[in-house]
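# Chains, contacts and geometry: an overview
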Amino acid sequence: MGVSTSKPDKGIAVITVDFPPVNALPVQGWYDLADAVRAAGHDPGIRCVVLTAAGRGFNAGVDIKEMQRDTATGGHGVLIGANHACAEAFSAVYACEVPVVAAVHGFCLGGGIGLVGNADAIVASDDATFGLPELDRGALGAATHLARLVPQHLMRALYYTSRTATAAELHAHGSVWKVVPRAELAGAARDLAREIAQKDGSLLRLAKAALNGIDPVDVRRSYRFEQGFTFEANLSGVADRVRDTFGTPHGAPAKEG
């Protein structure tokens, strides 16, 4: 259980997240993921990173149970920790010195959207679904990253309703590179990574920096702005009220943490 890195092919690092039962990451898990991505990007022998996950789905966001245990005693340490840790993990993916390919299966929710929205390319299995059930969980955030996956008005409708979009729908919008059967996901992601890794390593790093430099939105600043409203919802008590009724809307995992 945790975050692990392997190097199955020359120039490629595969980072695997494994936090059973649904890959809802605790605070330290987000920091560990950030560290792994940064380390891979700093490795001069790596030209592409594949971000993947074990288990039932790619990512179910933060560990809400960890947060509930903390707020039950009147504390906000886990909330603050999650805010900073998620921001670090998302930023690590975005700022990774080499391209990052996200290999997504099953559910990709909440913080998962932050990861894939900051990746350079997405390969998904045909059972993958993407969404932000934040309003059903007493939270806000990652609209910054969902807006990188779908058009503005669809992003807003998905956000307000907590509905999910399929891999096929995102492929139609151009944000998912390829949709494959689940059994072929790992191979398809590594095929794309190998194609990228054939390029000159120094030039790839310059290309990544150049593409980030021309982005119209400062994703880190935009996400941190959103997080302020998450904290406000917690201080006002509305977040606890919603989290106390936390269920399984719109195909979300049955359990977190």
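Residues numbered from 1 in each chain as written. Predicted model: local features only at pLDDT ≥ 70, side-chain atom pairs only at ≥ 80, totals over all residues. Heavy atoms only, no water.

### Quick word on the environment of Phe229
With respect to the helices and strands, Phe229 occurs in helix H10 (residues 219-236). Owing to a relative accessible area of 40%, Phe229 belongs among the partly exposed residues under this scheme. For the pair Phe229 and Gly141, spaced 88 residues apart in sequence, the C-alpha to C-alpha distance is 8.1 Å. (Helix = DSSP H or I, 4+ residues; strand = E, 2+ residues; numbered from the N terminus. Buried < 20%, exposed > 50% of the residue type's maximum accessible area, 1.4 Å probe, protein only.)

### Observations concerning the packing of aromatic side chains
Any two aromatic rings considered together are summarised by their centre-to-centre distance and by the angle between their planes. Taken as a whole and assessed by the stated rule, the structure comprises three aromatic pairs. Summarising the aromatic geometry, the rings of Phe225 and Phe229 are spaced 5.3 Å apart at their centres and angled 70° between planes, so their arrangement reads as edge-to-face. Taken together, the residues span about one helical turn, with Phe225 and Phe229 both in helix H10 at a distance of four residues. Overall, the relative accessible area of 56% leaves Phe225 in the exposed class. (Phe/Tyr/Trp six-rings, centres within 6.5 Å; stacked < 30°, edge-to-face > 60°.)

### Some remarks on the sheet that holds strand S3 (residues 48-53)
A sheet is described by the order of its strands in space; here six strands give the open sequence S1-S2-S3-S4-S6-S9, paired in mixed fashion. Unpaired on one side and paired on the other, strand S1 (2-9) and strand S9 (178-180) mark the two borders of the sheet. Recorded for the sheet is a direction-independent mean angle of 20° between the axes of neighbouring strands. Summarising the sheet, strand S6 (residues 121-125) and S9 pair through three bridges and their orientation is parallel. (Pairing = 2+ DSSP bridges. Axes fitted to C-alpha atoms, helices over the stretch in contact; angles between N-to-C directions.)

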